[in-house]
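Residue-level structural notes
Listed below are the residues making up each chain.
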Amino acid sequence: MSLKRREFFKLAALSSAALATNSAFATDDGEVLDCRATYGVLVDTVVCIGCRKCEWACNNQHSLSTEPITAFEDKSVFETHRRPHSKAYTVVNQYSDPATSKAYTMKVQCMHCNEPACVSACIVGALNKANNGPVVYEAWKCIGCRYCMVACPFQIPAYEYDNALNPQVRKCTFCIERHLDEGNRPACVSICPNEALTFGTRQELIDLGHTRIRMQPDRYEDHVYGETEIGGTSWMYLAAADFKNTELPTLPDDAIPQHTETIQHGIFKSFVPPLALYGFLGLVMHSLRKTDNGQEDQ
Ligand code: SF4
Ligand code: SF4
Ligand code: SF4
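Residues numbered from 1 in each chain as written. Chains lettered and ligands numbered in written order. Predicted model: local features only at pLDDT ≥ 70, side-chain atom pairs only at ≥ 80, totals over all residues. Heavy atoms only, no water.

**Quick look at the pattern of salt bridges**
Tallied over the entire structure, the rule returns eight salt bridges. For lysine 87, the salt bridge identified is with aspartate 162, shortest N-O distance 3.5 Å. Residue lysine 87 is located in the loop between α2 (53–61) and β4 (91–96), and its partner aspartate 162 is located in the loop between β8 (158–159) and β9 (169–170); the two are separated by 75 residues in the primary sequence. One salt bridge in this structure joins arginine 170 and glutamate 160, with 3.1 Å as the shortest N-O distance. With a gap of ten residues between them, arginine 170 in strand β9 and glutamate 160 in the loop between β8 and β9 connect regions that are remote in the sequence. Within this structure, Arg52, Glu55 and Arg82 form a network of salt bridges that share partners. (Salt bridge = Lys/Arg side-chain N within 4 Å of Asp/Glu carboxyl O. Helix = DSSP H or I, 4+ residues; strand = E, 2+ residues; numbered from the N terminus.)

Here's what the structure looks like:
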């Protein structure tokens, strides 16, 4: 893609302004996203009642299980901390606030990072940040290398190890298939009975998070998790206690491209001379994109 001079300067100006505020990401086709305007979800663990309806709605939306909604009333699952997997893109876990011993629950799924490490790690472009926020996976491009699984700081991408014929990487899709731009909300957000999940633009959600903290400082920890961590995430969290008590890791504010570069360098060092491999991968990418564009054009 070639840029005209004026477009280049516009892009450069937007990039530096937005990157300075952890709010921009250059997509696969060179477009710079202003992540303040992309979609996100604010997960308010202070009002989450641990009903697990979001788990059922997600499974139902993606045909992951046929269990009835009543099966999700089982709270014995809170005895262990579960991780999302290929048959459950989201799970609710229970934690205890060490200061008060009060239990609280938290939904876990892909964070749809502003600058996703999984996207940087994927050498064939099977993962991409969509213009409106979701980090999406295109199975037909995936070569099953699973670098995305190593790169993700939240340990989210899951592999279908039990699928011998056509295993794929699975994770929360942000319900992009429900057409968010047409005013539809993700299935988990729609079903949440206590408005613990709020869908909106990232900037609206950051403002909402800080408003709740300001209005009720006794109920909330003064931290919107995901506002700045690793360059910001589309899904963000509020809690009554320090996030270090949960499985959300303590992360720096900078995006972590070095994480993915380390993975790629380690891999490439062991096999083919990097230039030859990059050349080959470039051809693969070029051919995949050509096919992709051809399909979109039709
Ligand atoms: S549906 Fe809402 S209240 Fe229920 S567990 Fe999920 S996030 Fe919490
Ligand atoms: S949470 Fe992991 S899988 Fe999801 S966008 Fe971020 S790096 Fe990718
Ligand atoms: S956004 Fe969609 S895919 Fe992601 S956890 Fe919610 S229901 Fe599941």
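On we go.
**Overview of α2**
Because each turn of an α-helix spans 3.6 residues, side chains separated by three or four positions end up pointing in the same direction. Among all positions of α2, only Cys54, Glu55, Ala57, Cys58 and Asn59 are buried. Looking at the buried residues of α2, the elements they touch are β4, β5 (103–108), α5 (187–191) and β10 (197–201). Of the residues trailing α2, serine 63 is marked for its positive phi of about 50°. (Buried < 20%, exposed > 50% of the residue type's maximum accessible area, 1.4 Å probe, protein only. Contact = heavy atoms within 4.5 Å.)

**Looking at helix α6 (residues 202–215)**
Taking 1.5 Å per residue as the helical rise, α6 with its 14 residues ought to reach 20 Å, and the 20 Å between its terminal C-alpha atoms agrees with that figure. The set of residues buried in α6 consists of Arg202, Leu205, Ile206, Gly209 and Ile213. Seen end-on, α6 carries its buried residues on one side only, within an arc spanning 105°. Across α6 from its buried face, at more than 90 degrees, point the exposed residues Arg214 and Met215. Contacts from the buried residues of α6 go to β3 (39–44), β10 and β11 (235–238). (Expected span 1.5 Å × (residues − 1). Arc of directions from axis to C-beta.)

**Side note on the environment of cysteine 35**
Turning to its location among the elements, cysteine 35 is positioned in the loop between β2 (32–34) and β3. For cysteine 35, a relative accessible area of 0% gives the class buried. Separated by 199 residues in the primary sequence, cysteine 35 and serine 234 place their C-alpha atoms 8.1 Å from one another.

**A short note on the site of ligand 2**
Around ligand 2 sit 13 residues, and of these Cys110, Met111, Cys113, Cys118 and Cys152 come closest. Of the residues assigned to the shell around ligand 2, the class counts are eleven nonpolar, one polar and one charged. (Near = heavy atom within 4 Å. Nonpolar A, V, L, I, M, F, W, Y, C, P; charged D, E, K, R; others polar.)

**Description of the pairing of β4**
Consecutive residues of a regular strand have side chains that alternate between opposite faces of the sheet. Where β4 lies against β5, six bridges are found, and the strand directions are antiparallel. What sits directly across from asparagine 93, in β5, is methionine 106. Joining the antiparallel neighbours β4 and β5 is a turn of six residues, in which serine 101 adopts a positive phi near 65°. (Pairing = 2+ DSSP bridges.)

**Looking at the sheet that holds β10**
Two pairing modes exist for strands in a sheet, parallel and antiparallel, and in both the strands are linked by backbone hydrogen bonds. Here three strands make up an open sheet; going across it, the order is β10-β3-β11 and the pairing mixed. Each end of this open sheet is capped by a strand with a single partner; those strands are β10 and β11. Within this sheet the neighbouring strands show an average axis-to-axis angle of 25°, counted without direction. Pairing of β3 with β10, which is carried by five bridges, proceeds in the antiparallel orientation. Note that in β10 the partner of valine 43 across the bridge is leucine 197. Against the sheet, α6 engages β3, β10 and β11, with an angle of about 130° to β10. (Axes fitted to C-alpha atoms, helices over the stretch in contact; angles between N-to-C directions.)

**Some thoughts on the packing of aromatic side chains**
Going through the model one piece at a time under the given rule, you end up with six aromatic pairs. Both rings, one in tyrosine 95 and one in tyrosine 104, keep their centres 5.9 Å apart while their planes meet at 35°; by these two values the pair is tilted. On the accessibility criterion, tyrosine 95 (3% relative accessible area) is buried. With 5.3 Å between their ring centres and 50° between their planes, tyrosine 225 and phenylalanine 243 make a pair best called tilted. Placement of the pair is tyrosine 225 in the loop between α6 and β11 and phenylalanine 243 in the loop between β11 and α7 (257–270), with a sequence separation of 18 residues. Considered together, tyrosine 225 and phenylalanine 243 belong to a single accessibility category, that of buried residues. Its end group placed over the ring of tyrosine 159, arginine 146 keeps NZ or CZ at 4.5 Å from the ring centre. (Phe/Tyr/Trp six-rings, centres within 6.5 Å; stacked < 30°, edge-to-face > 60°. Lys NZ or Arg CZ within 6 Å of the ring centre and 35° of its normal.)

**Some thoughts on the side chain of lysine 107**
Counting through the fold element by element, lysine 107 comes out in strand β5. Separated by 3.0 Å, the side chains of lysine 107 and threonine 90 make a polar contact. Ignoring anything within four residues of it in the chain, the contact list for lysine 107 reads Cys54, Thr90, Val91, Val92, Cys188, Leu197, Trp235 and Tyr237. (Polar contact = N/O pair within 3.5 Å; in protein donor to acceptor, adjacent residues only side chain to side chain.)

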